[in-house]
Amino acid sequence: MMGASREDDRLPKRILTPVGEGAAAGSVPDVEKLLREYYKIRGLDEDGKPKKEVLLKAGLGDLARKLHG
């Protein structure tokens, strides 16, 4: 409701910069995969909003109607 979306769920640039040495040399996290898994675990839709059924289960029917109609 405040305009936050999937585009706002980003890691800091430093974390996305590959390191030059060590076991993780040259690798960066797969942010899209991490977001998909996190959203699924938390009951969020593809845009990062709580799914209607999750809100209803939590007793937040008014919010569910506002977000999902």
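See the structure above.
Because the structure is a prediction, the values reported are computed rather than measured.

**Student:** Teacher, can you tell me more about the overall build of the protein here?
**Tutor:** When you go through the protein residue by residue, the secondary structure sums to three helices and zero strands. Listing every helix and strand of the protein by position from the N terminus yields α-α-α. Relative to its length of 69 residues, the protein is extended, with a C-alpha radius of gyration of 16 Å against a globular reference of 11 Å. Across its three principal directions, the C-alpha atoms of the protein cover 50 × 20 × 15 Å. Out of the 69 residues belonging to the protein, those deemed buried represent 13%.

**Student:** Please clarify how the packing of aromatic side chains should be interpreted in this entry.
**Tutor:** Each pair of aromatic rings is reported with the distance of its centres and the angle of its planes. The full count for this structure, using the stated rule, is one aromatic pair. For the ring pair Tyr38 and Tyr39, a centre distance of 6.2 Å and an interplane angle of 55 degrees mean the geometry is tilted.

**Student:** Help me understand helix 1 (residues 31–42), please; the structure alone is not making it clear to me.
**Tutor:** Given 3.6 residues to a turn, an α-helix orients residues that are three or four positions apart in the same direction. With twelve residues, helix 1 should reach 16 Å at 1.5 Å per residue; the first-to-last C-alpha distance of 16 Å fits that figure. What helix 1 keeps buried is the set Val31, Leu35 and Tyr39. Projected onto a plane normal to the axis of helix 1, the buried residues spread over an arc of 65 degrees and lie on a single side. Exposed positions of helix 1 whose direction lies more than 90 degrees from the buried face are Arg36, Lys40 and Ile41.

**Student:** Explain the environment of Pro18 here, please?
**Tutor:** In this fold, Pro18 is placed in the segment before helix 1. Sequence-wise, Pro18 and Lys33 are 15 residues apart; in three dimensions their C-alpha atoms are separated by 17 Å. In this structure, Pro18 is in contact with Gly26, Ser27 and Val28, ignoring residues within four places of it in sequence.

**Student:** I'm lost on the pattern of salt bridges in this one. Help?
**Tutor:** For the coordinates displayed, the defined rule picks out four salt bridges. Between Glu32 and Arg10 there is a salt bridge, with its nearest N and O atoms 3.4 Å apart. Here Glu32, found in helix 1, pairs with Arg10, found in the segment before helix 1; they are 22 residues apart in sequence, far enough to count as distant. One continuous salt-bridge network, built from bridges that share partners, spans Arg6, Glu7, Arg10 and Glu32.

Rules used in this analysis
- Residues numbered from 1 in each chain as written.
- Predicted model: local features only at pLDDT ≥ 70, side-chain atom pairs only at ≥ 80, totals over all residues.
- Heavy atoms only, no water.
- Helix = DSSP H or I, 4+ residues; strand = E, 2+ residues; numbered from the N terminus.
- Rg over C-alpha atoms; globule rule 2.2 N^0.38 Å.
- Buried < 20%, exposed > 50% of the residue type's maximum accessible area, 1.4 Å probe, protein only.
- Phe/Tyr/Trp six-rings, centres within 6.5 Å; stacked < 30°, edge-to-face > 60°.
- Expected span 1.5 Å × (residues − 1).
- Arc of directions from axis to C-beta.
- Contact = heavy atoms within 4.5 Å.
- Salt bridge = Lys/Arg side-chain N within 4 Å of Asp/Glu carboxyl O.

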